[in-house]
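The primary structure of each chain is shown beneath.
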Amino acid sequence: MNRLRSGGVPRFIVRRLLLGLLVLILVSFVVFAATQALPGDPARAILGRSATPASLAALRKVLHLDRPVIDQYLTWIAGLLHGNLGSSLAAQEPVTKLLAPKLVNSAVLVLISAVVSIPLSIAIGSWAALKREKIFDTVSSNLLLVLAALPEFVVGVVLVILFATTVFNVLPGVSQIPPGSRPWNDLSGLVLPVLTLVVAVAPYVARIMRASMIEVLESDYVEMARLKGLPERTVLVRHALPNALGPVFQVIALNLAYLAGGIVVVEYVFNYTGIGSALQDAVINHDLPVVQALAMLIAALYVALNLLADVGTIVVTPRLRTRL
Amino acid sequence: MNPMTDADIAEAGISSAPPPSTRASSLLRRSLRLGRTRLGLILVSLLVLLAIIGPYLAPYGPSTPVGAPNSVPGGKALLGTDYLGQDVLSRLLYGGGSILVMAVIATALGMIVGAAIGLLAAYSRNVLDDVLMRGMDVIMAFPQIMLALVAVAIIGAHSWVIVTAIALTTAPRIARVARGAAQPVVERDFIACSEAMGVPRWQILATELLPNTLGPLMVEASLRVTYSIGVIAALAYLGLAPDPNGANWGTMIQENQIALVVQPWGVVAPIIAIALLTMGTGLIGDGIARTAAGIDRARGGE
């Protein structure tokens, strides 16, 4: 980081933006190379052995396979930048039209999960730090450790077993959203997918929050604030909490990025109509244009959130700025 | 080409001995003093044992029909039958092996490649460092399961594809840790000393840098095994196991989820197996991490 000494925050942001762009370009190479890596003739690999020569030729034209590789890449990238992601091979529909409503559904799912899990995990982490080594801390720390180790689909299926079938049959275990409908039209269908994602994310954020809060509570300025005679409430809310949040910011952004991948499995568990189950579907059907579009989309989201994490951490932690 | 002798070095006042490092075996031994590490080890040992000797104990073959589909426990089938009338207990006993073998190989491959890249990057201190780590960033731009899905979509759900995809996504995360741990070590005198003595680069990396980064690497490795198991089981759950009809805990959960209300054991049994396994690796990882942090703190206080 000492390389950045002369530039300060704006220069740091520009550098990170350029780096993010570079990563995205490299990612696009990888995703594009995916079509090239198909063994033999991609058109035949997609359509199978029984394909007629006419349909093979048609598909080659759709995929621009009759042109040089560089041309193919540039056409694909240009289309991508214009929002033209090609046509789904399975649905015979433009990818954008196919994915747009599902993207909205997934975004709703991720946003609600974030809105629920972030304050919850910050509260749990802070409370555990305040009650360090007491019963709440011990129980929550061990519980979070165990929950963090469970794969999301295991959490999801366990929730289905508990709340949608045998034990308490109170919630729907399937959250399929009919075409034209919106996820918020049936809130009960959102409960279990959201809960699964919350369980997947909260342990990490809460554990970092606890560690960060413990460090802050032991710091000189918190002791100073207490010695000044400030009420404990003020000490915690005005002095300790804002400082403890700095390192947590990065973890939150990383976990949001992680949610972008986590929804693939969670949406499948609940048959939720989103980009995650669309990806599973496309993979099973070898629908490459859809796989490419989703890979680029999720990678872009991932890069953007990582960028946000780095910039956000610098902004909320003035201490780090002086080190730039 | 005249390597310094030990006496020269002693005269120059430079110690050629590496700093006292936490040896991997001692870190492991110390971490076993914690109850959680022991509990984790017991869980993992039980599950590994189950996966290894399970096929010999199974009352039926994994694909032998033994009764009506989705029949409840009792009679011939101790845990009932699945959606095709196969014995749930037998499939449970057969179903852990492939997940475990693939997870261990994938994590080990990712560790080797990641550690090599991370150490090389830290040691080079030049443009190679940037090139290697930006390359790692590109791979890390994909969530782990995403890259595995894309690879499977293109090539197919073969074991080697899944193992390679997981190793490939594990490597950059290991590389980051290795580089971070090696960076302060690279600046130490004993490295400069080895360079001056003409020790080959690979030997410096393998015998001087690597042992000094093993602590953080082991913490990361235990975390990665947990994730690898999760991703491999999740792929099987998504219908992308190498053998789509074979006995596999992830596949079992997917197949029997529809009949959950009638015959929960087809889902509950493999769920318990996966949960205990990942909890076990998670507990071991936490034990090692706590021990390593404790050693660091003690050293900082010296």
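Worth saying up front: this structure is predicted, and the values here are computed from it rather than measured.

> Explain the nonpolar core residue by residue, including any values.
Grouped together as the largest cluster of nonpolar side chains are 127 residues, with contacts concentrated most on Val-27 and Phe-153 of chain A together with Leu-149 and Trp-249 of chain B. Sequence-distant contacts of Val-27 of chain A, defined by excluding residues within four places in its chain, comprise Met-296 and Ala-299 of chain A together with Val-138, Ala-141 and Phe-142 of chain B. By size, the runner-up hydrophobic cluster in this structure holds 17 residues, among which are Ala-122, Phe-190, Ile-191 and Leu-217 of chain B.

> Tell me about the side chain of Ser-90 of chain B, and name the residues and values.
Residues and elements named next belong to chain B. With respect to the helices, strands and loops of the structure, Ser-90 is situated in helix H4 (residues 88-94). Polar side-chain contacts of Ser-90 include one of 3.1 Å to the backbone nitrogen of Tyr-60. Not counting the four nearest positions on each side in its chain, Ser-90 is found in contact with Ala-58, Pro-59, Tyr-60 and Gly-61.

> An account of the interface of chain A and chain B is requested, with residue identities and associated values reported.
With 43 residues of chain A in contact, the opposing surface of chain B contributes 41 residues. Carbon and sulfur atoms make up 81% of the area that chain A and chain B hide from each other, which totals about 3600 Å². Between chain A and chain B we count 1 salt bridge in total. With a closest N to O distance of 2.9 Å, Arg-207 of chain A and Asp-286 of chain B form a salt bridge. Across the contact surface, chain A and chain B share 7 residue pairs in polar contact (both at pLDDT 80 or more). Elements that contribute at least two residues to the side of chain A that touches chain B include exactly helix H1 (8-37), helix H6 (135-149), helix H7 (152-165), helix H8 (188-217), helix H10 (232-269), helix H11 (275-284) and helix H12 (288-316) of chain A. In terms of residue class, the side of chain A that touches chain B is made up of 36 nonpolar, 5 polar and 2 charged.

> Describe in detail the packing of helix H9 (residues 220-227) of chain A against H10 of chain A, supporting the description with residues and values.
Residue and element names in this part refer to chain A. Contact geometry of H9 with H10 gives a least axis separation of 10 Å together with a crossing angle of 160°. Here H9 is positioned roughly antiparallel relative to H10, judged by the angle of their axes. As for how H9 packs across H10, the hand of that crossing is right-handed. Packed against H9, whose contacting residues are Tyr-221, Val-222, Ala-225 and Arg-226, the element H10 presents Glu-232, Val-235, His-239, Ala-240 and Asn-243 at the interface.

> Residue-level account of the confidence of the model for chain B, with values.
Residues and elements named next belong to chain B. Scored by pLDDT, chain B has a mean of 81; 90% of the residues are at 70 or more. Helix H1 (residues 6-12) is the least confidently modelled element of chain B, averaging 41 in pLDDT, while helix H5 (residues 97-124) averages 90, the highest of any element. Taken as a whole, residues 1-21 scores under 50 in pLDDT and shows 22 contacts with residues more than four places along the chain or in a different chain. Note on the complex model: pTM 0.83, ipTM 0.81.

About the criteria used
Residues numbered from 1 in each chain as written. Chains lettered and ligands numbered in written order. Predicted model: local features only at pLDDT ≥ 70, side-chain atom pairs only at ≥ 80, totals over all residues. Heavy atoms only, no water. Core = buried A, V, L, I, M, F, W, Y, C linked by side-chain atoms within 4.5 Å. Buried < 20%, exposed > 50% of the residue type's maximum accessible area, 1.4 Å probe, protein only. Contact = heavy atoms within 4.5 Å. Helix = DSSP H or I, 4+ residues; strand = E, 2+ residues; numbered from the N terminus. Polar contact = N/O pair within 3.5 Å; in protein donor to acceptor, adjacent residues only side chain to side chain. Buried area = accessible area lost by both parts, 1.4 Å probe. Salt bridge = Lys/Arg side-chain N within 4 Å of Asp/Glu carboxyl O. Nonpolar A, V, L, I, M, F, W, Y, C, P; charged D, E, K, R; others polar. Axes fitted to C-alpha atoms, helices over the stretch in contact; angles between N-to-C directions. Parallel < 35°, antiparallel > 145°, perpendicular 65-115°, else oblique. Left-handed = near helix turned anticlockwise from the far one by under 90°. pLDDT = per-residue confidence, 0-100.

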